[in-house]
Amino acid sequence: MLEAWTGAQIRAAEQPWLDAGEGDALMRRAAHGLAGTALALLDSRNRPRYGARVVAVAGSGNNGGDALWAAALLARRGLKPSAILTAGRAHEAGLAALRVAGGTVVRLADEDSSSTDGDAAARRLLADADLVIDGILGTGGSGGLREPAAGLAAHLEDLRRDGTVAVLACDIPSGVDADTGEAEAAHVTADATATFGGAKSGHLAGVGETASGALTVVPIGIEDALPEPDVRRLQPADLRALWPTPARSAQKYSRGVLGVIAGSPQYPGAALLTTAAAAAAGVGMVRYLGPSSVGTLINARTPDAVCSEQQPGDVHVQAWLAGPGTNDDDGQLDRVRAALAAAVADGTPAVVDAGGMSVLPDAGAAHLVLTPHAGELARLLTDRLAASGEQVERADVEARPLHHARLAARITGCTVLLKGATTLVAGPDGAVFSQADATPWLSTAGSGDVLAGILGAVLAGVAEHPEPAERLGLGGDTRWAAAAAVAAAIHGRAGRLAAHDPAGTGAGGPLHATAVIDATAPAVRAVLAG
Ligand SMILES: NC(=O)C1=CN([C@@H]2O[C@H](COP(=O)(O)OP(=O)(O)OC[C@H]3O[C@@H](n4cnc5c(N)ncnc54)[C@H](OP(=O)(O)O)[C@@H]3O)[C@@H](O)[C@H]2O)[C@@H](O)CC1
Ligand SMILES: Nc1ncnc2c1ncn2[C@@H]1O[C@H](COP(=O)(O)OP(=O)(O)O)[C@@H](O)[C@H]1O
Ligand SMILES: [K+]
């Protein structure tokens, strides 16, 4: 599991070492890890190390200190170091080390300085650089980059996009909030990030995820002092442990029956996709409740689904999937309401997707997993916050995804899976998972229905088997968020297979939602096979 903490949590873990006067030792370890990551980044670009020009861009704090020390260390490996200082002061020992290593130093002009010689010199250094280490701001930064660093970051991004320079962020791309991944204003975008002591929540959410590039966690000795993580990301071994794999004695009911209330004569597609996806994910049985005209279509694609016009109270299921493609005309929304009320009352887990979110019970529960995209979450929050008059727009959710997912979990009392390039899952108990297993090719109509089907299958499979989650320390209500994260990861991986980009390199090509269904079983097999 990749675990991440807030800046304050990391600082608190560092504090005993600082109190013991061992802050320098922590910084040396950070700088060594940063220098090693710099060499690996150059190697990955097939750039020779010897004579490579490395520029440390350093702000006033310890983050700049790390970058200056790392550049000095790299001089010993044959690189040519220099530094651009973005603030009036810089970490003294780091700066001294860089000078001893033969590095040139230029300082950007600030508001108080009329001379722009430093700016021109800085741009010349960047133009000649092979590698830039971004040490402008770390966990001590707040509010995005200010000038003159903001202008330099924009110029650096032009060079990075042209491919002339590789950018390595020290701890967190400067201007990105380490706790939230939000960037209020200008920020650095990196090809890679070396972070110290533990990943930060900001690496795994929002702008921070994209701006961090490839993440390396450098241990500095404080790791045992870290508390429960703020955000978690499941890795293949975790998926393997959490996937509902049948025991030797399994039968279809022990593996879980999923009751699906989806689709309508007007929108049958959602019913076809969700039921087929749940079957592909290996649920014990799919019971579809809805109009017979839709049931007939479902059986043409998924003959194993049991379709009827029964009501939720007539059947016994281990999980519900309620909402996609439903409308009021044919009684489907009444079925959704009844299923959700029963789920809250009897503890049966439920996926609540699309239209289902409009008939959510007032008092939710962690075992109800809502699956909004940013627009749906904005609507849900605006509805729930109507009394206060607060309006939430899609753009607000996109700019602050972690904040809004958490807010929705708190307000609804449900587990909230916020779909996007990175899918965030927030539980009402405060647990958060972030999964980035997907491909942009998944942003196609029907792809969310496939996720709902996979999630329904996972919920049905784990409903009566809490032990695997408990073994990973994800028991109690957190297990519903963990199950949602498992489904998001498998959906993303199936998407990559369907796009012919299994490693998620950004290659591949278009896919169809049905191709994601067909790739679901292979994605599960790949995870189970390790
Ligand atoms: N603790 C340790 O021993 C270890 C720490 N480590 C490293 O230290 C980093 C944290 O260092 P830090 O606390 O010094 O904060 P950091 O982010 O470098 O600078 C903050 C300064 O920047 C300024 N500033 C703030 N916002 C700004 C803005 N928007 N735009 C412009 N300027 C802004 C503000 O100064 P001000 O402007 O208020 O004078 C503030 O003082 C951490 O990420 C890790 O890399 C590792 O070496 C391991 C050991
Ligand atoms: N840029 C992206 N990169 C990766 N995955 C994405 C991206 N955009 C959307 N997705 C994923 O595709 C799915 C789209 O779901 P949704 O918006 O509900 O589509 P629909 O309602 O048409 O089925 C979600 O699982 C989401 O996480
Ligand atoms: K930084």
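Residues numbered from 1 in each chain as written. Chains lettered and ligands numbered in written order. Predicted model: local features only at pLDDT ≥ 70, side-chain atom pairs only at ≥ 80, totals over all residues.

Draft legend 1. The overall build of the protein chain, seen in detail. From N to C terminus, the protein chain includes 20 helices and 19 strands. For 530 residues, the compact-globule estimate of 2.2 N^0.38 gives 24 Å, and the C-alpha radius of gyration of the protein chain, at 26 Å, lies within 12% of that figure. Oriented by its inertia axes, the alpha-carbon framework of the protein chain measures out at about 80 × 50 × 45 Å. Out of the 530 residues belonging to the protein chain, those deemed buried represent 57%. Relative to all contacts within the protein chain whose residues are 6 or more apart in sequence, the contacts with residues 24 or more apart total 71%. (Helix = DSSP H or I, 4+ residues; strand = E, 2+ residues; numbered from the N terminus. Rg over C-alpha atoms; globule rule 2.2 N^0.38 Å. Buried ≥ 20, exposed ≤ 12 C-beta atoms within 10 Å, placed from the backbone. Contact = placed C-beta atoms within 7 Å.)

Draft legend 2. Here's a closer look at the domain arrangement of the protein chain. For the protein chain, the assigned domains are domain 1 (2-229) and domain 2 (237-529). The centre of domain 1, based on its C-alpha atoms, is set 39 Å off from the matching centre of domain 2. Listed per partner, the contact involves eight residues of domain 1 and nine residues of domain 2. (Domains from an automatic or database assignment.)

Draft legend 3. A look at the environment of Pro-48. Take Pro-48: it is sitting in the loop between α2 (23-44) and β2 (53-58). Accessibility expressed as a C-beta count within 10 Å gives 11 for Pro-48, which makes it exposed. Taking the C-alpha atoms as reference, Pro-48 lies 59 Å from Gly-389; in sequence the two are 341 residues apart.

Draft legend 4. Geometry of the site of ligand 2. Close to ligand 2 lie 17 residues; Lys-419, Ala-421, Ala-438, Ser-443 and Gly-448 are nearest. It is helix α16 (residues 447-462) that contributes the most residues to the shell around ligand 2, four residues altogether. Of the residues that constitute the shell around ligand 2, the class distribution is six nonpolar, nine polar and two charged. (Near = placed C-beta within 6 Å. Nonpolar A, V, L, I, M, F, W, Y, C, P; charged D, E, K, R; others polar.)

Draft legend 5. How the structure looks around the sheet that holds strand β5 (residues 131-135). If you trace the seven strands from one edge of the open sheet to the other, you get β4-β3-β2-β5-β6-β7-β9, paired in parallel fashion. Two strands bound the open sheet, and with one partner strand each, they are β4 (104-107) and β9 (214-218). Ignoring which end each strand starts from, the neighbouring axes of this sheet average 20° apart. Sheet topology note: the strand β3 (residues 80-85)/β4 ladder contains four bridges and is parallel. Considered in β4, the bridge of Ile-84 is made with Val-106. (Pairing = 2+ DSSP bridges. Axes fitted to C-alpha atoms, helices over the stretch in contact; angles between N-to-C directions.)

Draft legend 6. Just the environment of Glu-147, in detail. Considering the arrangement of structural elements, one finds Glu-147 in the loop between β5 and α6 (149-162). Sequence-wise, Glu-147 and Leu-108 are 39 residues apart; in three dimensions their C-alpha atoms are separated by 9.6 Å.

Draft legend 7. Representation of the site of ligand 1 in the model. Near ligand 1 there are 28 residues, and of these Gly-61, Asn-62, Asn-63, Gly-138 and Gly-140 occur at the shortest range. Among the elements of the structure, α1 (7-19), α2 and α3 (62-75) are those that each provide at least two residues to the shell around ligand 1. Of the residues assigned to the shell around ligand 1, the class counts are 10 nonpolar, 14 polar and four charged.

Draft legend 8. Quick peek at unusual backbone geometry. Cis rather than trans, the peptide bond between Glu-147 and Pro-148 has omega equal to 5°. Structurally, Pro-148 is set in the loop between β5 and α6. Phi is positive for Ala-354, close to 45°, though the residue is something other than glycine. Here Ala-354 lies in the loop between β15 (350-352) and β16 (368-370). Even without being a glycine, His-500 presents a positive backbone phi close to 60°. Accessibility expressed as a C-beta count within 10 Å gives 15 for His-500, which makes it partly exposed.

Draft legend 9. Fine view of the nonpolar core. If you look at the biggest cluster of nonpolar residues, it comprises 179 residues, and the most contacted ones within it are Leu-68, Ala-70, Leu-131, Ile-133 and Val-486. Among the elements that line this core, the one with the most residues is helix α18 (residues 478-498), at 14 residues. Here this core spans two domains, since at least three of its residues come from each of domain 1 (2-229) and domain 2 (237-529). Here Ala-70 is in contact with Ala-31, Leu-34, Ala-35, Ala-38, Ala-56 and Ile-133, once residues within four sequence places are set aside. (Core = buried A, V, L, I, M, F, W, Y, C linked by C-beta atoms within 7 Å.)

Draft legend 10. Quick peek at the packing of α16 against α18. Where α16 meets α18, the axes come as close as 9 Å, and the angle between the chain directions of the two elements is 135°. As far as their axial angle goes, α18 and α16 are oblique. Considering how the two elements wind past one another, α16 and α18 form a crossing that is right-handed. The segment α16 lies against α18, with Val-450, Leu-451, Ile-454, Leu-455, Val-458, Leu-459 and Val-462 engaging Arg-479, Ala-483, Ala-484, Val-486, Ala-487, Ala-488, Ile-490 and His-491. Looking at the contact of α16 with α18, its residues break down into 13 nonpolar, one polar and one charged. (Parallel < 35°, antiparallel > 145°, perpendicular 65-115°, else oblique. Left-handed = near helix turned anticlockwise from the far one by under 90°.)

Draft legend 11. The arrangement of helix α11 (residues 292-301) in detail. Buried residues of α11: Val-294, Gly-295 and Ile-298, and no others. Angularly, the buried residues of α11 cover 100° about the axis, an arc narrow enough to put them on a single face. Exposed positions of α11 whose direction lies more than 90 degrees from the buried face are Ser-292, Ser-293, Thr-296 and Ala-300. The secondary structure elements touched by the buried residues of α11 are α10 (268-280), β12 (285-289) and β13 (306-308). (Arc of directions from axis to C-beta.)

Draft legend 12. Layout of the packing of α2 against α3. Direction vectors running N to C along α2 and α3 enclose 55°, while the axes themselves pass 8 Å from each other. Classified by the angle between their axes, α2 and α3 sit oblique to one another. Here the hand of the crossing between α2 and α3 comes out right-handed. Contact residues: Met-27, Arg-28, Ala-30, Ala-31, His-32, Leu-34, Ala-35 and Ala-38 in α2; Asn-62, Gly-65, Asp-66, Trp-69, Ala-70, Leu-73 and Leu-74 in α3. Considering only residue class, the contact of α2 with α3 consists of 10 nonpolar, three polar and two charged.

Draft legend 13. Focus on the confidence of the model for the protein chain. Summary statistics for the protein chain give a mean pLDDT of 96 and a share of 99% for residues scoring 70 or more. The complex model carries a pTM of 0.96, and its ipTM stands at 0.92. (pLDDT = per-residue confidence, 0-100.)

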